[in-house]
Every structure is written in C-alpha cells, then in structure tokens.
Amino acid sequence: MANKPNFSSTYPLLVSFLLSLFLLYSNSKFVVCSTDIKCTDTDRRALVVLREGLTDPSGRLSSWIGEDCCTWEGIKCHNQTGRVTKLDLRNPYHLIGAVDPSAYKRSCLGGKINPSLIRLEYLTSLDLSLNDFEGLEIPGFFGELKNLRYLNLSYASFAGEIPASLGNLSNLQYLDLYADSYSNTGPRELRSQSLEWLTPLSSLKYINLGFVKLDSIGDHWLQTFNMLPSLVHLRLHWCELKGLPLTLPSINFTSLSVLDLSENSFNSLIPPWLFNLTGLTELYLTWDFFSGSIPAEFANLKNLQVLDLSDNLNLEGQIPGLLGNLSKLQLLDLSANNFHGDIYGLFSGFSSNPNSKLESLDLSSNSLTGELPESLGLLKHLQHLDLSSNSFWGSIPSSIGSLSALRVLDLSYNTMNGTIPESLGQLSGLVDMNLMANSWKGILKETHFMNLRKLQHVRLTTEPTRSLAFSASHGWFPPFKLKSIQLENCMIGPSFPVWLQVQNELTSVVLKNVSISDTIPGKWFSQLSAQLTYLVLSQDQIRGELPRHLNYPYLNLIDLSYNNFEGPFPSWSTNATDVILDENSFSGPIPENIGALMPRLQKLYVSRNHLSGRIPPSMCDIEGLNIISLRNNKLSGELPNCWHRLMLWGIDISNNSLTGNIPNSFGFLPSLSVLLLSNNNLDGEIPSSLRNCTGLTSMDLGGNKISGSLPLWVQYMSSLFMLRLGSNLLSGRIPDQVCRLQNLHILDLSQNKISGPIPKCVGNLSALVHGEGSEVFQRLIREVTRGRDPEYSNVVANVKSIELSGNNLTGEIPYEMTNLLALRILDLSHNHLSGAIPKSLTSVASLTRLNLSYNNLSGSIPFSPRFNDSSIYEGNPLLCGAPLPTKCPLPRPRK
C-alpha cells in the first residue's frame, strides 16, 4: 500500500512548534534580553545547578558558561527584568526518515531534573521534548511553576504516575505529555489513576496525553475533558480508555477543533454527541473498533478538514454522498473497514461540491465494487488516491488525466480487468504509481508516460493469462528517473529496452516474466544505484554472463531465477539475506570465500544449475544462514564437517555427486527441520548425533549407499513428518520405536535389505489413523524447495503413505494396518510376506494406491471394485480370485 500523509502522528510535533512560537512572539515582553539587561544571578545559578544534574553526551549545553544566561542556548529572558521566561531544551535531532538509534541517543539530554528549576519564578514556557529521561517520573515540583503557560514533555521517556500537582498550573494553555518515545532503552509507562488534576486548568487550550495509560479511570474520563471550556485540541491516542459514553448531559467543550481518540478499542457505535462539536476541523477515530454505518449527522460537521475513520474493521454499509458535500474536507480516510457497494454515491457528493478541497482519499482494504466513476476527475486538488485491496473492476477512467495535483495513485489488489488510459500521461506531478495485482490488458504507449517527469516508483502487474504490452520504441528516452520499478507479466521484451537501461537511480528492481530474451549490458549492473536493495530479474530468458565482481552494500535480495544466465557463480560483495539463482546455467565452483562475500546470507537457492566442485567450508562461517538449496547440480566431494552454532534449518543438496559420510556436525544444528540429501553417493551409517535434532520434520536420505540398521533413537524425533530412506543398503528389522512417531505422514524404507516382520504397532501411527493436518510440515518443505521441485510436489500431493517394497520382509500383513484410516498409499511389493490379505484392508476409504505384488501371500483376494487391477496382486502364486485369473477352489460340502 502506498505511503499516505500521516496527519495524526506529525500534527502534535507541528502544533508544539507553532504554539511555542506563538507564546514567544505574541507578546512583546517575551523577547531576548536587550544588551543592557542581563539575567539575574538567581536564574543563572538555578540553570547551572540544573545543568549539573543532566547528562549531555553531545554537548548541547556547552554554551551555558559566562555571566549572562540570556545568551545561552535555549534560554529566553524578559527584555526589561532579565528574568528567564523560556527554557527550550527540545532535542534538535532531525527525526524525519530513518532514525539512527545511537546517533539519536547521543543527542538526548537525560539524567535528573534538579528542583533548582522552581527558582525560575517567571518561567512561562518549558520544553524538554524528544529527549530520553529513561523512565524518570515527572517531577512534582513542576506544579510550583505558577506562571507556566507552555509545558512540553512529549517523546521524552518519562514514566510513572503523572503528578497531581500539575493541576496547580492555573495559567497553563499547552500541555503535551505524549508518552511514546524514539528511545530503545526499554518500555516506559506513563499513567494516571485519576484525571481530577485537570479540572482546575480552565485556560488549557491544547492537551496531548497520547500513549498515557488511562485504563483504570473508567468511563468518566470524557466528562473531565468536557469541563474544560477553552479546550481546542484534545489528543488521547492509544490511552487504553475503557468505554465511550454515547450521550453527554451537556456539551461544554464547544471550542474543540481537533479531537483524536484513535486506537482505544471502544467497540461501540459512533456516539451522537460528536455531531454537536460543529467547530471540529480534525477528527481521528482510527482503530477504535466502531461499528455500524456512517451516521447522517456527519453532515453537521461542515468545518471538517480531516476525517480519519480507518482501521475500525466493522464500519459497514455504503459510503454516503454526504461526505462528499463537506466542502472543507482535505483528508478522508475510511480504509480497513467493511464498506461495500460502489462509490458512485460518494462521488455524487463530490460532483455537487465543485470547490472540493480534498487532497487525500483512502478507501483501501474494504469490500467496495464496481467501476471507477468518470467524476473522479473532478477532484482537482487530489494529491493522494488509495483504492487498493477492494474489488473494483473495469478500466481506469480517462478523466484521471484531470487530477493535475496527483502525486500518489494506488489501485493495487483489485480486479481491474480493463485498460489503462493514455490520459495517465498528463499527471505531471505523479511520483508513486501502484497498479499491481490486477488483470490489466492492452498496450502501453509512450504517451502513457509522456509528462510523468516526477515519477519515481512504478508497480504494475497483471495475470500471466492477460495480454499487457509496452509499445515504446527501442530507443525511447523517458522523462522520468525511477527509484523503484516492479513489472510482472507485462511484455517489455524481447530486447532489454533503452528506457530501462538509462534508469541509473534505481534502488529496487523487480522484473518477472516480462518476455526479455536478450543479454543485459554489464555496465547496467554497475551503474545501478549503490543504494540498491532489491534486484529481481526472474522467469524470463535473459542470457549471458553477469559481471564477476560488484559491490552492493545495501542489497537485501537477489533473485535471478528461471533465466539462461551462464558463467561462474557471481562473486558479488553484498549484505543480501536472500540469493536466488535457481534454474540457470551457472557453472564452476561456489566461491571459496562465499562466507566473506555474503556474510549476512540467510537463504541461498542455486538449484538446477551446473555448479561443480566441493561445498566450501566458509559456508559454515555465515552465522545467520537458514536455508541452503543446491539441488540438481554437479557438486562432488565430501560435505564439510563444520556445521556448528548456525541457525540453519533447511538443507537441500539432493541430486548431486556427493561422497563420504553424512557430517556428524549436522546433529549440532539446533534448528534443523528439513534435511534433504537424496540421490548422491553418501555412505556410512546415519550419524547418531542427529538424535539431537528433535525438531526435525522431514528427512530424505534416499538413493545413497547408507548402511546399518534403522536407529532406535528415531523415536525421539516426535515432529518427524517425512522419513524417506529408500534405495540404500539398510539392513536389520523395522524397530517398534518407529511406531512412536505420531506426526509421521510419509514413511519410505523401500529398496533396502530390511528383514523381519512389519511391526503390528504400525497401526498406532496417529497421523495415518486420524489424518491430522500436515500443512505446517508441507509449508516447510515448500520453503526449502521453493515449491518448484516436481519430486517434492508429488510427495506432498501423495502425503500419508507407507512404502516398504523391495526388502526381505517376512510374516503376515498386520491386521492392525486396517486402522490406518487416513492412509492413501501402501506399497509392500517385492518382499516375502505370507498369509492372507486382511479382508478390511482394501476397504480403507482413503486408500488410493495399493501394491502387494511379488510376495508369498495366499488365499482369496478381498473383493474391492477400487482395486481390481491384477498387477496389484501378481507374483503371489497362492493368491486366487478376481482380478487374478486363478479361481479359488470351491468349499467342500459338509457331510
């Protein structure tokens, strides 16, 4: 979902700044001292003592020296008396964008606040916001600052009970105690057991108690604020308030302009008293779990500029046109609710309001349907339009070209099945366009992008069965410089177009199934932004070699799968966590220093290539490694025996030419869940250290030369879902301990030298009796194999199987096997089993495949219309009856 303006989170900081300026400059008395008037010795000494108690890692208070404290950073004095009137210690750290926690912490003041502060008798403004006092309680002596009009302690990590002495600040107009923090020094909880201390503050115009815990106050909190007649801004974001009264005896806070009750989980209807607050300009009711339809009384709030009802989940019905009639509305957010029907009613309201000032409209994540109306083009001031995650269909109306102010357009995750109009190219201010996860069709021409000079982000995907193609000439130079691009199932090939080659500021590239069958110039990779985070070029036929060496320090994911890339494994220096190179023609060895090249690697997928040589021991140096998938290559040699202290949970090195023993160190991987080593030349016994891997869910060692007997310790693998040991040299008996594997869905011991009887307790395998869900286990296998490998796709499709064919098993088929009511596949062929076939075996309803051929079974075959193929029973000369041609002898008549 596209980023949208966050009025709720940024507004408190903005108001704090503006109101502090107002208090500073609205009265001529509150200015910096003249050169003739210096601060008093009393105030200077009080500030020196205050500084001594504070921590100041960045030296922000280094100017606090000399006699005249009026010249110190953050100090303002009266221009006639020299008394300190303003103390502004707000942290100046720039908090827009990504925050460096350590740099922010260094910029913070902290420590203790000395009571010397109360000597500043004429102090009218105190700002300690955006610092880190690490859970310090708000000092009670703040209540002695009788002249205080402005108090800002927001984002400063204060905790504990709000002192009731704040109620003594009868001149206070601005109070900001917003208790969230940018600090990472631990959770803090600022709380208030009662709000009675607010009652005397009759001059209060602004109060922000966001994140202050008020859960013990009950439902009387509203009446307390209602008794503050001067109140203009009331912010109670995430206060854990309990209950919202639907009625009030009288409305006193009629001056209220901004009301924020968001994220309090009221679980009620929207209260009717709200609609008496006709002066409201901003109303935030997000994440309050309001239900019902939008009341018609919203029409009373004619001054509304911001209305945010998002994330209530249960607001429903059609969106009424009355909202479109609110002529001053600038932001309307109804996202993440249950509104249904079309939006023609809403837009009919906008149609009757030609002077609409709407700048942001978010209707995402609802159940809205229908085509987008042509009247969309009437919203001339619209900058942000998000209709994602609904069920809109049809084409984008051509009137969209009239939205000259539009910067963000998000229609993703709908069922749009029409075309994209050429008028889109008129949106000269468009920065972010997200049209992904739809079913677009048609042709995109150069005119679609003709004037998109500010375009930075493009996401456009359609269904593989739809036809969406770019028709730009090969040498076309676009007017934009993109930061990110995501195109899936859109035809931009077969050549690698020039308009894409010239994009050298990209930080994210996703091109999947875009019909490119060309080589990519090596210089394109090297000229990509050093800030590149995602590089996905998959499911095409891109050919050629990659540059041998590149440095992408910020790259998180590389996916070049399902192409025709060739040459050596790319020795790129990167901090990527996911490297996906499946289904190409890379050859040669894995770099010996892969651990140094890719130190943060978590998932490595290089299956179905032509890699050769050994697996380098430096792979064991990558501590965060989770998955290795090297299936279907030409790797040889022994597996390194260095797998210690890793978080590795998925290993797939099947279908190679590995030799030697299975490493003992695999048993010291505490998270190991999926181990797939089939179809190699591994020998020796199954290492006993694997008994430590109690979380192992799938183990496939089939198609090797593993010898010895099935270990008794297998009983401790209680999570085992799949055990495949077929086509090895295992001998001995099937131990009864196997029957304790209650999650076992797949058992394959076929083509070994196992002898003795089938244990009767096999009928106790719970997952094959009751058919417990296997979704979790299947999901783990799919993640390791990326769900693409046909062998494991077939295994998962045929889950719940027992395959014991090609051994030396003797004795009878246990009658207890008929208890396995969820069993789908049973193959006991090519053994030495004897006796009769249990009569109820063929009537197990879930059984779809059965093979009992080439044994020594005898007697009549139980009748079953589902298993009437003679190949199921052939090779048993003592069996008789259909479907075999041998008829059973008639019973002798009784004498």
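Throughout, residues of each chain are indexed from 1 in the direction in which the sequence is written. Since the coordinates come from a predicted model, pLDDT governs what is reported: local features require at least 70, and pairs of side-chain atoms require 80 or more to be given and counted, while whole-chain, interface and lining totals use all residues. Think of the side-chain values as coming from all heavy atoms in the structure, minus any hydrogens and water.

Of the pairings in the sheet, the one linking strand β39 (residues 610-613) to strand β41 (residues 634-638) comprises two bridges and is parallel in character. Residue pairing in the sheet places Ser612 in a bridge with Lys634 of β41. Strand pairing follows a simple DSSP-based rule, namely that at least 2 bridges must link the two strands. Numbering goes from the N terminus for both helices and strands, where a helix is a DSSP run of H or I of at least four residues and a strand is a run of E of at least two. Looking at chain direction, β41 and strand β43 (residues 657-661) are connected through three bridges and run parallel. Bridge assignment links Glu638 to a residue of β43, and that residue is Thr659.

Covalent bonding between the sulfur atoms of two cysteines defines a disulfide. The disulfide definition used here is simple: a pair of cysteine sulfur atoms within 2.5 Å. For the coordinates displayed, the defined rule picks out five disulfides. Paired through a disulfide, Cys739 and Cys761 show a sulfur-sulfur distance of 2.0 Å. Since a negative S-S torsion denotes a left-handed disulfide, the Cys739-Cys761 link at about 65° is right-handed. Of the two residues, Cys739 is situated in the loop between β49 (729-732) and β50 (746-748) and Cys761 in the loop between β51 (753-756) and α9 (766-770); the sequence distance between them amounts to 22 residues. Summary of the burial criterion: residues with accessible area below 20% of their type's maximum are buried, those above 50% are exposed, and those between are partly exposed, where the area comes from a 1.4 Å probe applied to protein chains only. Classification of Cys739 by relative accessible area gives buried; the value is 9%. In the protein, the bonded cysteines, numbered by position in the sequence, are linked as 1-2, 3-4, 5-6, 7-8, 9-10. Looking at the unpaired Cys693, the closest cysteine sulfur is the one in Cys620, lying at 14 Å.

A few words now on helix α5 (residues 344-351). Taken together, the buried positions of α5 are Leu346, Phe347, Gly349 and Phe350. When α5 is viewed along its axis, its buried side chains cluster within an angular range of 145° and face the same direction. The arc refers to the directions leading from the helix axis to the C-beta atoms.

Okay, unusual backbone geometry next. That bond from Gly493 to Pro494 is cis: its omega, 10°, falls within 30 degrees of zero. With respect to the secondary-structure elements, Pro494 resides in the loop between β28 (484-488) and α6 (498-501). The peptide bond linking Ala882 to Pro883 adopts the cis configuration, its omega dihedral lying at 10°. Tracing the backbone shows Pro883 in the segment after β58 (878-880).

What follows deals with the UniProt feature "domain: Leucine-rich repeat-containing N-terminal plant-type" (unreviewed entry) in the protein. Cross-referencing UniProt, the feature "domain: Leucine-rich repeat-containing N-terminal plant-type" (unreviewed entry) maps to residues 41-77 in the present numbering. The distance from the first to the last C-alpha atom of residues 41-77 is 13 Å, and the span holds 35% helix and 14% strand. UniProt positions are given in the numbering used here, feature names are shortened, and annotations may be inferred rather than shown by experiment.

Mapped onto the elements of the fold, Leu403 is located in the loop between β22 (391-392) and β23 (408-410). For Leu403, a relative accessible area of 0% translates into the label buried. Throughout, a contact is declared for two residues whenever any of their heavy atoms are within 4.5 Å. The contacts of Leu403, once residues within four sequence positions are left out, are Leu376, Gly377, Leu379, Leu382 and Leu427.

Looking at chain direction, β43 and strand β45 (residues 681-684) are connected through three bridges and run parallel. By the bridge assignment, Thr659 is partnered in β45 with Asn681. Here β45 pairs with strand β47 (residues 705-709) via two bridges, running parallel. From the neighbouring strand, Asp683 faces β47, where its bridge partner is Lys705.

So, on to the nonpolar core. Among the nonpolar cores identified, the biggest contains 244 residues, and Phe142, Trp221, Phe225, Phe298 and Leu323 are the most heavily contacted of them. By residue number, the principal contributor to this core is helix α2 (residues 41-53), which donates four residues. Beyond its immediate chain neighbours, meaning those up to four positions away, Leu323 contacts Ile294, Phe298, Leu307, Leu329, Leu332, Leu334 and Leu346. One finds Tyr605, Phe721, Met722 and Ile781 within the second-largest nonpolar core, a separate group that totals 13 residues. Take the buried Ala, Val, Leu, Ile, Met, Phe, Trp, Tyr and Cys residues and link them wherever side-chain atoms come within 4.5 Å; each set so joined is a nonpolar core.

This part takes up helix α10 (residues 775-785). For α10, every residue scored as buried is listed here: Phe777, Gln778, Ile781, Val784 and Thr785. Projected down its long axis, α10 carries its buried residues within an arc of 125°, all on one side. Of the exposed residues in α10, those oriented more than 90 degrees away from the buried face are Glu775 and Arg779. The positive-phi residue at the C-terminal boundary of α10 is Arg786, with phi of around 60°.

Here the focus is the sheet that holds β22. Spatially, β14-β16-β18-β20-β22 is the arrangement adopted by the five strands of the open sheet, whose pairing is parallel. Since the sheet does not close on itself, it has two edges, and those belong to β14 (291-292) and β22, each with one partner. Inspection of the sheet shows strand β18 (residues 338-341) paired to strand β20 (residues 367-370) by two bridges, in the parallel sense. Following the sheet pairing, His340 is matched in β20 by Ser367.

Its place among the elements puts Ser607 in the loop between β38 (603-605) and β39. Overall, the relative accessible area of 10% leaves Ser607 in the buried class. When sequence neighbours within four positions are dropped, the list of residues in contact with Ser607 reads Leu581, Asp582, Glu583, Ser629, Leu630, Arg631, Asn632 and Asn633.

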